[in-house]
Amino acid sequence: MNRPRTQSGAQTICFVVNGQAREFSGNPAKRLADVLRDDLGLTGTKIGCNAGDCGACTVLIDGRQVCSCLTAVAQADGREVTTVEGLAAGGRLSGLQRAFQKHGAAQCGICTPGMLVAAADLLARNRRPSAAEVKDALGGVLCRCTGYQKIIEAVLDAATAQLPPPPAAGAAIGARAPKVDGVAKLTGEERYGADGIPAGALWLRVARSPYHHASFELGDLAAYAAARPGMERVLSARDVPSNGFGIYPHIKDQPVLADGVVRFRGEAVLALVGTRAAIEAVDEAELPIRYTPLPPVMGIAAAAAPGAPLVQADKAGNLLLDGWVRKGDAAAAFAHCAAVAEATFETGFVEHAYIEPEAGWAERLGDRLEVHVTTQTPYMDRDEMALVMKLAREQIRIVPTACGGGFGGKLDLSVQPLIGVAAWLLGKPVACIYTRPESMASSTKRHPSQIRIKSGCDASGRLVAIETVADFDTGAYASWGPTVATRVPIHASGPYCVPHVTARGRAFFTHCHPSGAFRGFGVPQGAIAHEAMMDELADKLGMDRLAFRRLNALKAGDATATGQVLAHSAGLPQCLDALKPHWDKALAACTAYNKTSAYKRRGAGIGCMWYGIGNTALSNPSTMRIGLSAKGELTLYNGAVDIGQGSNTIMTQIAADALGLPMGEFRIVMGDTDLTADAGKTSASRQTFVSGKAVELAARDLRRKLLQLLEAAPDALLSLEGSLIKATDAQGEHQYDLAWLAPRQGVDVLRGEGSFDPPTSPQDADGQGVPYATYAFAAQLALVEVDCELGTVKVLEIVAAHDVGKAINPIQVEGQIHGGTMQGLGLALMEEYLPGRTENLHDYLIPTIGDIPEMKCILIEDAEPLGPSGAKGVGEPGLIPTAPAILGAINHATGVRMRQVPVLPHRLRAALKLMETR
Amino acid sequence: MPSYLRPTSLPEAVAALAQGSLTVLAGGTDYYPSRVGKPLTDDILDISAIAGLRGIRDDGAHWRIGATTSWSELIAAELPPLFDGLKLAAREIGGVQIQNAGTIAGNLCNASPAADGVPALLALDARVEIADIAGSASLALDEFILGNRRTVLRPDQLLSAILIPKPAHPARSHFAKLGARKYLVVSIVMAAATLELESGRVCAARVALGAASEMAQRLPLLEAALIGRRCAAQLGEHAKAEHLAALTPIDDVRASREYRLDAGLVLVRRVLNELGARA
Ligand SMILES: Cc1cc2nc3c(=O)[nH]c(=O)nc-3n(C[C@H](O)[C@H](O)[C@H](O)COP(=O)(O)OP(=O)(O)OC[C@H]3O[C@@H](n4cnc5c(N)ncnc54)[C@H](O)[C@@H]3O)c2cc1C
Ligand code: FES
Ligand code: FES
């Protein structure tokens, strides 16, 4: 080939992609990732950061893994590129892909293409790698969902993995069934927020505040747009019909586009809409915005200080909410305690760091608006969009794309109102994909906290009183702040039986991005405080730390801090009993190790948690439908969004057994607000418990209708053969041809429907009541090694015992625990978001595959009678006990009690030095 | 559309540089991350197709590492124990994707205070070869890097190779990096050392510490203190806090100034202990 290599401007690049010769003409510096996705339509390759930090874009060039976001397409000239789409030869999954499916190695699936490609590189060189070699090969790909363990297991099993046969009818619940929607995540076919954007769409770019706090004036927007070819329109606050949104019906305090004042760095000011080339060419320095910076209120202390400037003019004292739980008389009870401990704990902002940035597109169809978006909550999105747009709910259709991770961060609106307003005004589809820095600057975070806690017990070790004030930094707008400030006091005394509790939760406004929902809604921060108390009280009495917790653990029949008597399913004692042998072993191992070790010390710690499933003392319903068409197609109309945690599979398992047909018969429609019923949001660990119950009821309803039609007995065995539905009972076989029936709803001739709203009662002024219908419980053990000279901590082992009521799908339960645990490890050891300083995934660190400990899960099934087959939730609980267990282990290893997370090496080293000098 | 040149020879490349302002692109692993969300408007000189700039060879008096040699190529190369430290540094760069694409010269030209290649190469007494239309010349690495993201390189120049002099005595090197996680992590601090030995004693020592100043620094006082010492697993005990006195670390999101000095000393001691134990 003798193509000139030194010419200017557009050039033609020829390369082989997945075995096919392809060409690209254009800017040779264009990122290969963009060429693959935009020019060749291979959207299986994902973009999570465009900076080499996440590895989602990993492809092979001549058999070696590289980040396609860092590769000029010119450098692929004449070479062979393999993407995820090229892994399944002839449409048949490779052994590696089968192993991923078998082991549940893909949750949301957004990292999966990168993981698979990196692993394919390794396996091509080394068919039987060791776990350490797998880690080295996959170290450049981040996964925020799985905790990596199942990914490693899958790669190790790639040479031999075979998929298990699907569970038989009636045997779905409890089966380690592979994900019903798993294959698309392994082949690159799955469509996320950025993957299905129509070719003719306009693009939207947001101009954001570079200041924490500033007033601003806008210049001539029309002139700005007119001077730039391809720029169609610049939208400002004035263009938004009702410029306020927010989670709570009575708090719509966050503007879609700021109006004269910005309250956090990263707040949206203008939306620039035009061709993709036009918005990509925007020079931020030329934007028609003149800011006047104002002094910001940063941090809880500044916000709560008397006379502090107000972040929102009508919120006195910068206070969003002051929530209380009072039971007994804690203050008086301390006088009678044999041991009392007291301390203050601090946590910072934590970023969700889902690997998929916010993305979607909207389109106006007549007098309706369709929004395709990555979201955890289509129905709340629909209602919020109707408010913002001043349209009727029925005029809005939300079609959730696959969601590449949420963890609470995709419960708030992001691109939706921007693309919605633009598409409505311009009459053309409008798309928007956040850049990673933009996602990090503008999205919600875990609430920073400052928690003062005092606790006391009697001489036998029984807890007597706990008093705590938890203050939270809720950022500039309310978001989920009220949820945190009410949920935390309820959980603040931990999963223990405590007669006297005073717990207060306050949320303060500051000039930071809103703090929102993040796996655990403040409970993980609270657990750090109450678990440190348990360690300290046990130590004061000379009791074993596990035995102390076991003595005080809530069990069925006990009353919680809100006076709720737990009737069933309070499995913390069983969790602790299951940990006991591991605990004893770990303690002995630490003692032996520390005897001979010079500067490294090992320690073991324990963390317990409880977590109320679903909304706090609020109605929290879900409705599910199952339809059967005249052709015998069975459809689950599932309004619950699967964000990777696996609800599509769980719902199918529950539906299959309740109906009596195999899982394979079901097709799923997920989350589309035109086609499903409102199942509520995917948060608060509620979908298995609440929507799972609704699906069980829906399936039973359909079964009842079918049995009636077939005149079969209640215990009849059903089967579907084309349009024939058959039942076999003691009388023999009955059958009915569904083709005889006229469609009633859509194509369906029959439908079952089920709704469930978990029973709760409102809390009184002292917070007393039944805020949740059921609680999850867990205890985790952490074994750590501290390098005392460097202050570094390596977590060697986690044993996690979780009471899940019933594990509908043990693989997925383990996956949730692994993933949650690794987020807890991140919270404990490395994650700290500093506005303006850590807006990327190399300054903001999340755990990599090299940071994972050995993780062992122990599933306790203390059935919850209200839940489907006894199940409750597990989405958040995996994270909550981890940081407390690690902090306890550090204390056990070294004697220092870290009261601020993350325990960065320099912080631990400083604390160790301080202790040495004392 | 900006221009994009991808020459296949060094003379073509330096001729192009002499003609106008071009941005040099090698592996792109520093270039693209600095342009997230920004248009790609630079006129580019892509040096990745110049075969002569790639690979490692023995040039008699020194080893010659071509500018565009990737970290992975370095790891895979068969090299004497002198290079153990540099190879360890290479394994600690990003993840495998970054090692496959990123080049050694790119790491030096980017001149980040946290560049892992710099202390490892300082400990090898590396020189860099600079090419322009007039020819080429070499200078010491610590003269090449001026500070945080600053080098002596002029816009019409390329870094064409890294030269590692062959030590007079049997030598080995070691490297250690401290980060807040495993893989893909910017160093909090990192240390590298090369020892030349004669009958069990140190006859030459080169020790460097990175991320503890605007650029990685050699520790001449420590190097002097090591001369004549017997090689043993406690060699590191000769390293003292005062040997780091000339360093000027910063406070940032990763660590405090004080910690960098503290941990730097620990790493230096461990690197020396390891070399001492192996000798
Ligand atoms: C996710 C990630 C992780 C990373 N981890 C590490 C790490 O752990 N440690 C570390 O040290 N670095 C790390 N890096 C930085 C980077 O990978 C290295 O610095 C790499 O060696 C740069 O080489 P390159 O060829 O990719 O440089 P390029 O991006 O191609 O170029 C870098 C700069 O040097 C100039 N340049 C390159 N070659 C020449 C030349 N021969 N002559 C003149 N100028 C030249 C370019 O103009 C540019 O300004 C990481 C980067 C990423 C994205
Ligand atoms: S998108 Fe390439 S590494 Fe994140
Ligand atoms: S499955 Fe890895 S990021 Fe979601």
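Caption draft 1: Layout of the interface of chain B and chain A. Between chain B and chain A, the contact holds 52 residues from the first and 67 residues from the second. Of the roughly 4,500 Å² buried between chain B and chain A, counting both surfaces, carbon and sulfur atoms make up 58%. There are 6 salt bridges connecting chain B and chain A. With a shortest N-O distance of 3.5 Å, lysine 913 of chain A and aspartate 262 of chain B are connected by a salt bridge.

Caption draft 2: Structural context of helix 3 (residues 112-125) of chain A. Residue and element names in this part refer to chain A. Between the first and last C-alpha of helix 3 there are 20 Å, a value that for 14 residues agrees with the 20 Å anticipated at 1.5 Å per step. In terms of burial, helix 3 is a largely internal element, 12 of the 14 residues being buried. Looking only at helix 3, the buried set comprises Thr112, Pro113, Gly114, Met115, Leu116, Val117, Ala118, Ala119, Ala120, Asp121, Leu122 and Leu123.

Caption draft 3: Looking closely at the pattern of salt bridges. Applying the stated criterion across every chain yields a total of 75 salt bridges over all chains. Residue aspartate 116 of chain B pairs with lysine 177 of chain B through a salt bridge whose shortest N-O separation is 2.8 Å. Separated by 61 residues along the polypeptide, aspartate 116 of chain B in the loop between helix 5 (104-110) and helix 6 (117-122) and lysine 177 of chain B in strand 11 (residues 171-178) bring together distant segments of the chain. Lysine 177 of chain B carries the same exposure label as aspartate 116 of chain B, and that label is buried. Across the salt bridge formed by arginine 150 of chain B and glutamate 214 of chain B, the nearest N and O atoms sit 3.4 Å from each other. You can see arginine 150 of chain B sitting in strand 9 (residues 150-151) and its partner glutamate 214 of chain B sitting in the loop between strand 13 (201-210) and strand 14 (217-218), a full 64 residues away along the chain. A residue is classified by how much of its surface remains accessible, and arginine 150 of chain B, at 41% relative accessible area, is partly exposed. Of the residues examined, glutamate 214 of chain B reaches a relative accessible area of 41% and is grouped as partly exposed. Three or more residues joined by partner-sharing salt bridges are found here, namely Glu531, Asp535, Asp539, Arg545, Arg549 and Arg897 of chain A.

Caption draft 4: Summary view of the domain arrangement of chain A. Residues and elements named next belong to chain A. For chain A, the assigned domains read domain 1 (1-166), domain 2 (202-295 + 353-442), domain 3 (449-615 + 765-917) and domain 4 (622-756). Relative to domain 4, the C-alpha centre of domain 2 lies at a distance of 38 Å. Of the residues lining the interface, 19 residues belong to domain 2; the matching set on domain 4 comes to 17 residues. Together, the buried faces of domain 2 and domain 4 total about 1,300 Å²; carbon and sulfur atoms form 54% of this surface. The interface formed by domain 2 and domain 4 contains 3 salt bridges. Across the pair arginine 368 and aspartate 674 runs a salt bridge whose closest N-O atoms are separated by 2.8 Å. At the junction of domain 2 and domain 4, the tally comes to 6 residue pairs in polar contact (both at pLDDT 80 or more).

Rules behind the numbers
- Residues numbered from 1 in each chain as written.
- Chains lettered and ligands numbered in written order.
- Predicted model: local features only at pLDDT ≥ 70, side-chain atom pairs only at ≥ 80, totals over all residues.
- Heavy atoms only, no water.
- Contact = heavy atoms within 4.5 Å.
- Buried area = accessible area lost by both parts, 1.4 Å probe.
- Salt bridge = Lys/Arg side-chain N within 4 Å of Asp/Glu carboxyl O.
- Helix = DSSP H or I, 4+ residues; strand = E, 2+ residues; numbered from the N terminus.
- Expected span 1.5 Å × (residues − 1).
- Buried < 20%, exposed > 50% of the residue type's maximum accessible area, 1.4 Å probe, protein only.
- Domains from an automatic or database assignment.
- Polar contact = N/O pair within 3.5 Å; in protein donor to acceptor, adjacent residues only side chain to side chain.

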